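Each chain, written out:
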Amino acid sequence: MDEQLQDPADRVEDGDSPGTGGTGLPGWDSVLAVVAHPDDESFGLGAVLSGLADAGAEVSVLCLTRGEASTLHGVPGDLTALRAGELTAAAQELGVGDVTLLTHPDGALADVDTGELAEQVVAIARRSGAQALVGFDLSGVSGHPDHVAATQVAVQAADVLGIPVLGWTLPVGVARQLREEYGAPFDGHEEVDVDVVLPVDRERQLRAVRCHASQAVPGSVLWRRLELLGDTEHLRWLRR
């Protein structure tokens, strides 16, 4: 499965992204974001999702786990309940119309049957009428195995649905800086391997991020990543 997903033939080459011109997103009417944890939709995809919503798309989020195994705990309380409420509030800030939160084990998505996960993605994408899926890059961006698993099942589901998948990534320089500063296994891409360079307004994203009080702790690498990215996001076509 990994070899198939990473086959360059499965993604649109630079300058060949349908309807984007390299600097924008297609005019989809409905998009489903597939993520592993509550806050991935905000810290990672927030500016992209709010941009899609502002452009008139119906945006939905499917979160595969409740994030109960997080090592961050910025507020007291049970993370399972806390993070569900945080996701709901953040989605409202981003303009997301529908959220589905599943209960697969945080930190162990790779152990869940991929066929089962893909079937769930297919069902929710069909329910929402999604014309495309959005998620993290194939590497998971931060190297988290749950992120990798979520993207793999999104591409698998898109093969069934016959719709494109757009993956959020980092410029190679930003990934390198984060690795040097935090020792975290961030992964990025050279400009030639990036299909969409998207100017973004982070106002709604930052409001959504602050809804995740359990995770948005001062000094977190998540804040530093946003600082380094500035007002631009980078995406790759994972499936045409």
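Structural data are supplied above this passage.
About the cut-offs
- Residues numbered from 1 in each chain as written.
- Predicted model: local features only at pLDDT ≥ 70, side-chain atom pairs only at ≥ 80, totals over all residues.
- Heavy atoms only, no water.
- Helix = DSSP H or I, 4+ residues; strand = E, 2+ residues; numbered from the N terminus.
- Rg over C-alpha atoms; globule rule 2.2 N^0.38 Å.
- Buried < 20%, exposed > 50% of the residue type's maximum accessible area, 1.4 Å probe, protein only.
- Contact = heavy atoms within 4.5 Å.
- Areas by Shrake-Rupley, 256 points an atom, 1.4 Å probe, with all protein chains shown as cover.
- Lys, Arg positive; Asp, Glu negative; His and termini not counted.
- Charge placed at Lys NZ, Arg CZ, Asp CG, Glu CD.
- Phe/Tyr/Trp six-rings, centres within 6.5 Å; stacked < 30°, edge-to-face > 60°.
- Pairing = 2+ DSSP bridges.
- Axes fitted to C-alpha atoms, helices over the stretch in contact; angles between N-to-C directions.

What follows is about the overall build of the protein chain. Along its length, the protein chain carries nine helices and seven strands. Against the compact-globule benchmark of 18 Å for 240 residues, the protein chain has a radius of gyration of 16 Å, which places it among compact chains. With respect to the principal axes defined by its C-alpha atoms, the protein chain has extents near 45 × 35 × 35 Å. Buried residues in the protein chain amount to 55% of all 240 residues. A separation of at least 24 residues holds for 81% of the contacts in the protein chain among residues at least 6 apart in sequence. On the protein chain, roughly 9,800 Å² of surface is accessible, and the fraction owed to carbon and sulfur atoms is 49%. Distance between charge centres in the protein chain, computed from 16 positive and 38 negative side chains, equals 3 Å.

As a further point, take the packing of aromatic side chains. One pass over the full model with this rule turns up three aromatic pairs. With 5.9 Å between their ring centres and 85° between their planes, W28 and W237 make a pair best called edge-to-face. Note that W28 is positioned in the loop between α1 (2-5) and β1 (30-35) and W237 in strand β7 (residues 232-239), a separation of 209 residues in sequence. On the accessibility criterion, W28 (13% relative accessible area) is buried.

Now for the side chain of D137. Along the chain, the position of D137 falls in the loop between β4 (132-136) and α6 (145-161). Non-local contacts of D137, meaning those with residues more than four positions away in its chain, are made with T151, G167, W168, T169, H189, R236 and L238.

Before going further, it helps to spend a moment on the sheet that holds strand β3 (residues 98-104). Strand order in the open sheet formed by seven strands is β3-β2-β1-β4-β5-β7-β6, with mixed pairing between adjacent strands. The strands lining the two open edges of the sheet, one partner per strand, are β3 and β6 (196-199). In this sheet, neighbouring strand axes are inclined to one another by 25° on average, regardless of whether the strands run parallel or antiparallel. Looking at chain direction, β6 and β7 are connected through four bridges and run antiparallel. Each bridged residue has a counterpart across the sheet, and for V197 the counterpart in β7 is H234.

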